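Spelled out from the first residue to the last, the chains are:
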Amino acid sequence: MTLQGGALHEIYVHDLTFSFAPADPRVQPSLTNVSVQLPKGSRTILVGANGAGKSTLLQILAGKRLISREGTEVKIKDRDVFRQYPHGVTFLGTEWAMNPVVRGDIKVEDFLNSVGGYRHKERRDLLLEILDVDLDWHMHAISDGERRRVQLVMGLMGEWDVLLLDEVTVDLDVLVRDDLLRFLKKDSEERGATILYATHIFDGLNDFPTHVAHMRFGSFVTLPTAWPFAEVDANGPNTQLYSVALQWLKEDRSFRKELEKQGRKIRGPRKDEVPVDSETFYKKYDYSH
């Protein structure tokens, strides 16, 4: 699998459809006919509203969900992620910090050593500095943001080839997040590592990506496109990622509103009212049976 110019597809997805309830026709697929390719060394930002399918795509790429549909291909480093999962792939998602195992009374130094920190001392120490982590912290006694920093040290201290990030910077303060992004960009440039990053925070991200993509309702509206965009709109060149993302999300909302007019389930407030007489009210909200 090659791009023009011979660059390898580090991430390759062909004809991917996924539903959490495939036997229920009332449940819309989370992903529909997704095909996307990312070159080695690229840093791609995934833009999309909540429910667009970004997290599901990253989880599938991380091998966390099995796909058996005939004709579907999902490969990283030219290896099937369901049957020959490749080495050098790191997935970091938000659910980690809520795991009770990582909320136990264990010192950060011991925790990192237990997952191989002593084998990656140079990178581990660099990340400890960047993420401002205290090795004497106890995992049960620190904040969610501090626990997130420990997760990032753990996940990034090995020399990954492909990094899948799902909103893991949401708990970080602005300074730590900026330092982390600088580290990831430098690491990617120096080692040719590939990053796919889903986020809703676009401030300070303008100089990070090589590509930007837009997902809506489980499909790509804009496939990964070289950033900054070359085309010019009414407001001038599209060189501010925040502005582009904001415009895309406005379009997503307008698109959904049009679907609602055509019969799609409507979000927001409903017209039905809460019963005012007590007998009807308690009949409706009696959950004891």
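Predicted, not measured: the structure shown is a model, and the values here were computed from it. (Residues numbered from 1 in each chain as written. Predicted model: local features only at pLDDT ≥ 70, side-chain atom pairs only at ≥ 80, totals over all residues. Heavy atoms only, no water.)

Student: Would you explain the overall build of the protein in this entry?
Tutor: If you tally the helices and strands in the protein, you get seven helices and twelve strands. Relative to its 289 residues, the protein shows a buried fraction of 44%. Taking the contacts inside the protein whose residues are at least 6 apart along the sequence as the reference set, 67% of them involve residues at least 24 apart. Per element, the accessible surface of the protein, about 16,200 Å² overall, is 50% carbon and sulfur. Distance between charge centres in the protein, computed from 38 positive and 43 negative side chains, equals 5 Å. (Helix = DSSP H or I, 4+ residues; strand = E, 2+ residues; numbered from the N terminus. Buried < 20%, exposed > 50% of the residue type's maximum accessible area, 1.4 Å probe, protein only. Contact = heavy atoms within 4.5 Å. Areas by Shrake-Rupley, 256 points an atom, 1.4 Å probe, with all protein chains shown as cover. Lys, Arg positive; Asp, Glu negative; His and termini not counted. Charge placed at Lys NZ, Arg CZ, Asp CG, Glu CD.)

Student: What exactly am I supposed to notice about the pattern of salt bridges here?
Tutor: Opposite charge on two side chains permits pairing when their charged atoms draw close. Tallied over the full model, the rule gives 21 salt bridges. With a shortest N-O distance of 2.7 Å, lysine 121 and aspartate 125 are connected by a salt bridge. Linking lysine 121 with aspartate 125, this pair stays in helix H3 (residues 121-130), spanning four residues, or about one helical turn. Of the residues examined, aspartate 125 reaches a relative accessible area of 28% and is grouped as partly exposed. Among the charged side chains, a salt-bridge network with shared partners connects Lys107, Glu109 and Asp136. (Salt bridge = Lys/Arg side-chain N within 4 Å of Asp/Glu carboxyl O.)

Student: Please explain the sheet that holds strand S1 (residues 9-18) as it appears in this structure.
Tutor: Strand pairs in the sheet, formed through backbone hydrogen bonds, run parallel or antiparallel to each other. Reading across the sheet, the four strands line up as S2-S1-S4-S5 and stay open at both edges, with antiparallel pairing between neighbours. Each edge of the sheet is formed by a strand with only one pairing partner; in this case those strands are strand S2 (31-39) and strand S5 (79-80). Helix H1 (residues 54-61) contacts S1, S2 and strand S4 (73-76) of the sheet and is inclined by roughly 120 degrees relative to S1. (Pairing = 2+ DSSP bridges. Axes fitted to C-alpha atoms, helices over the stretch in contact; angles between N-to-C directions.)

Student: Mind showing me how you'd approach the packing of aromatic side chains here?
Tutor: Aromatic ring pairs are reported here in terms of the distance separating the ring centres and the angle at which the planes meet. In this structure the tally under the stated criterion is five aromatic pairs. Measuring from ring centre to ring centre gives 4.9 Å for phenylalanine 18 and phenylalanine 20, while their planes differ by 85 degrees; the resulting arrangement is edge-to-face. For phenylalanine 20, a relative accessible area of 47% puts it in the partly exposed group. Judged by centre distance (6.0 Å) and plane angle (45 degrees), the rings of phenylalanine 229 and tryptophan 248 are tilted. On the criterion of sequence distance, the pair formed by phenylalanine 229 in the loop between strand S10 (219-226) and strand S11 (232-233) and tryptophan 248 in helix H6 (residues 241-261) is long-range, its members being 19 residues apart. The same class applies to phenylalanine 229 as to tryptophan 248, namely buried. (Phe/Tyr/Trp six-rings, centres within 6.5 Å; stacked < 30°, edge-to-face > 60°.)

Student: Honestly, the sheet that holds strand S7 (residues 162-166) in this entry has me stumped. Any pointers?
Tutor: Spatial ordering of the open sheet is given by S6-S7-S8-S3-S9-S10, a layout of six strands whose pairing is mixed. If you trace the sheet from one side to the other, it starts and ends with strand S6 (89-93) and S10, each paired once. For this sheet, the mean angle separating the axes of adjacent strands, direction not counted, is 15 degrees. Relative to strand S9 (residues 211-216), strand S3 (residues 43-47) runs parallel, the two being bridged by four bridges. Bridged to threonine 44 within S9 is histidine 211. Across the sheet, H1 touches S3, S6, S7, strand S8 (194-198), S9 and S10, and the angle it forms with S7 is around 145 degrees. Against the sheet, H6 touches S3, S9 and S10, its axis set at about 15 degrees to S9.

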